[in-house]
Amino acid sequence: MEKVILAVHTQLYEVLGGRQFLVLVSASRVLAASFVRRFALAHVRVAVPQHTTLALVRSALGACAPWVRHVRMTPSLQSAEALEALGAENAVRALGMFTALASFEYSSPAALGPLAFLSLLPHTVSHLVLQEGMYNACGPDFAVLQSLPQLQTLTIRCRLFSSLAPIAEMANLVTLKVTYSSANDLTHIQHLVHLKDVTLDSSPFSVIAPLHSHLVSFSACSTNITDLTPLSQNSAESLVTLRLHSVKALNDSNLVVICSQFSLLQHLNVSETSVTSLAPIAQLSHLQTLEIAFCTKVQLLDPLASAFSLMKLNAQGTGIKNISCLAGLYNLRFLNVSCTRVSDVSPVSHFSLLDLRWGNPDEEDSDEYGDADEDDEDEEGEEGEEGEEGEDD
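Calculation notes
Residues numbered from 1 in each chain as written. Predicted model: local features only at pLDDT ≥ 70, side-chain atom pairs only at ≥ 80, totals over all residues. Heavy atoms only, no water. Core = buried A, V, L, I, M, F, W, Y, C linked by side-chain atoms within 4.5 Å. Buried < 20%, exposed > 50% of the residue type's maximum accessible area, 1.4 Å probe, protein only. Helix = DSSP H or I, 4+ residues; strand = E, 2+ residues; numbered from the N terminus. Contact = heavy atoms within 4.5 Å. Arc of directions from axis to C-beta. Polar contact = N/O pair within 3.5 Å; in protein donor to acceptor, adjacent residues only side chain to side chain. Phe/Tyr/Trp six-rings, centres within 6.5 Å; stacked < 30°, edge-to-face > 60°. Lys NZ or Arg CZ within 6 Å of the ring centre and 35° of its normal. Pairing = 2+ DSSP bridges.

> Could you give me a rundown of the nonpolar core, with the residues and numbers involved?
Nonpolar side chains in soluble globular proteins tend to end up buried together. In terms of nonpolar packing, the biggest core is built from 84 residues, with L118, L145 and F218 touching the most fellow members. Looking at this core, the elements that each hand over two or more residues are β3 (70–73), β4 (103–108), β5 (127–132), β6 (153–157), β7 (175–179), α6 (252–261) and β14 (334–338). Counting residues per element, this core draws most heavily on α6, at three residues. Setting aside residues up to four positions removed in sequence, L145 forms contacts with L118, L128, L130, L154, I156, F161, P166 and M170.

> Report on the environment of Q299, specifying residues and quantitative values.
Of note, Q299 is situated in the loop between β12 (289–291) and β13 (312–314). Sequence separation of Q299 and S277 is 22 residues, and the distance between their C-alpha atoms is 7.8 Å. Once you skip the residues sitting within four places of it in the chain, Q299 turns out to touch T276, G319, I320 and K321.

> How would you explain α6 if you had to name every residue and give the values?
Along α6, the residues classified as buried are N254, L255, I258, C259 and Q261. One side of α6 carries all its buried residues, which in axial view fall inside an arc of 165°. The elements touched by buried residues of α6 are α5 (229–235), β10 (241–243) and β11 (267–269). Between the side-chain oxygen at the start of α6 and the backbone nitrogen of S253 there is a gap of 3.1 Å, and the oxygen is on N251.

> Got a sec to walk through the packing of aromatic side chains? Specific residues and values, please.
For the coordinates displayed, the defined rule picks out two aromatic pairs. Ring geometry for F142 versus F161: centroids 4.8 Å apart, planes at 75°, classification edge-to-face. Linking F142 in the loop between β5 and β6 with F161 in the loop between β6 and β7, this pair joins segments that are 19 residues apart in sequence. The ring of Y180 carries the charged tip of R157 above its face, separated from the ring centre by 4.2 Å. We note K312 situated over the ring of F334; from NZ or CZ to the ring centre the distance is 5.5 Å.

> Explain the side chain of E291 residue by residue, including any values.
On the secondary structure map, E291 appears in strand β12. We classify E291 as buried; its relative accessible area is 13%. Within the local environment of E291, its side chain forms a polar contact with the side chain of N314, the two groups lying 3.0 Å apart. When residues no more than four places from it in sequence are discounted, the contact partners of E291 are L268, N269, V270, S271, K312 and N314.

> Got a sec to walk through the side chain of S213? Specific residues and values, please.
By secondary structure assignment, the location of S213 is in the loop between β8 (197–199) and β9 (217–219). Classification of S213 as buried rests on a relative accessible area of 1%. Discounting residues that sit within four places of it in the chain, S213 has contacts with L192, V193, H194, L195, N234 and S235.

> Tell me about the pairing of β5, and please be specific about residues and values.
Here β4 runs beside β5; their pairing, made up of six bridges, is parallel. Residue pairing across strands places E105 opposite V129, the latter belonging to β5. The pairing of β5 with β6 spans five bridges and is classified as parallel. Note on β6: the bridge partner recorded for L128 is L154.

> So, the pairing of β7: which residues are in play, and what are the values?
Counting buried residues along β7, four of its five residues qualify, which places the element largely inside the surrounding structure. Note: β6 against β7, five bridges, orientation parallel. Counterpart to T155 in the pairing with β7 is K177.

Right, here's the structure in full:
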């Protein structure tokens with residue numbers, strides 16, 4: 001499907017491709033309703049210019065109102081103060097004309113400002129994303145989230161988000177993604193029975209509280225979580241995706257418990273952990289994706305010889321030397337053994353659909369990387385010569 005990016009500025013309409021995404025670069029002109037209908041635009045991104053008025057926001061967005069379901073508001077660094085001057089609540093009131101609005105994203109390249117305006121979002125909004133680009137010593141008040149019990153999906157990326165308490169009453173919540181936060185207590189979401197997908201990456205969580213929901217996906221990358229026993233009480237037979245990338249404390253003992261508790265796992269990521277043996281993974285008969293990149297002490301892939309459902313294996317940067325045990329994994333579609341001591345990939349050479357990555361980019365005889373480096377050097381040299389000639393002129 002084609003993509004449309006529409007720039008509304010000095011009557012310039014530039015179609016760059018996209019059918020489902022509209023970028024409102026400036027609210028200085030009124031959008032033509034016929035144009036919006038013609039391209040069946042469903043997404044609007046609002047970049048608030050520095051001297052925007054509420055009237056311009058209303059006039060520019062009004063033509064889109066009946067069709068738009070997704071709005072992304074992204075104030076630039078220069079216009080962040082202008083947005084506050086306009087009043088974010090006024091901007092959202094302008095968005096209130098979108099009677100079919102389903103999702104709202106507020107992504108600031110700076111720190112998140114006051115969030116009280118979120119209480120004015122239409123009750124049709126079930127998907128909310130809040131992201132900050134820079135740390136701010138004075139964080140926003142997230143208590144306003146309590147006024148949005150209808151949310152089904154919530155994504156928050158903010159260092160000063162320190163408690164899940166405002167989420168406690170979101171009974172309809174299905175997907176929760178809290179990253180780069182300072183929250184560390186899951187007890188507030190224990191009773192959210194509809195939760196299916198939980199992401200807690202890069203946050204100081206170390207202990208998991210028992211959740212009453214039947215999780216399908218759980219991600220705790222770059223945390224201190226190693227014991228998932230509390231999750232197994234209700235999610236032992238439902239969890240299919242588990243991501244524990246960069247959980248440095250995760251070791252073989254933890255892996256044994258995890259594989260016995262969640263035997264129906266289909267996707268497992270334990271990259272950059274202290275795992276040394278893949279023996280426990282042999283019992284995961286439904287496993288389709290395995291990520292063990294830079295588990296430097298893993299030397300043998302033999303336990304995977306009977307992993308016939310495996311479609312993707314990333315063993316980059318491990319200590320493996322031989323992949324002959326993979327010869328019978330005919331479902332394998334992606335294999336990464338680069339930066340390892342593997343020198344013979346013939347055991348999988350008969351896999352016609354396999355995307356194979358191997359070799360060491362540091363080796364001098366590596367065509368893929370060596371030639372590229374030489375080309376870069378040549379280009380730099382040419383640029384340098386051109387620069388010198390310019391100076392002489």
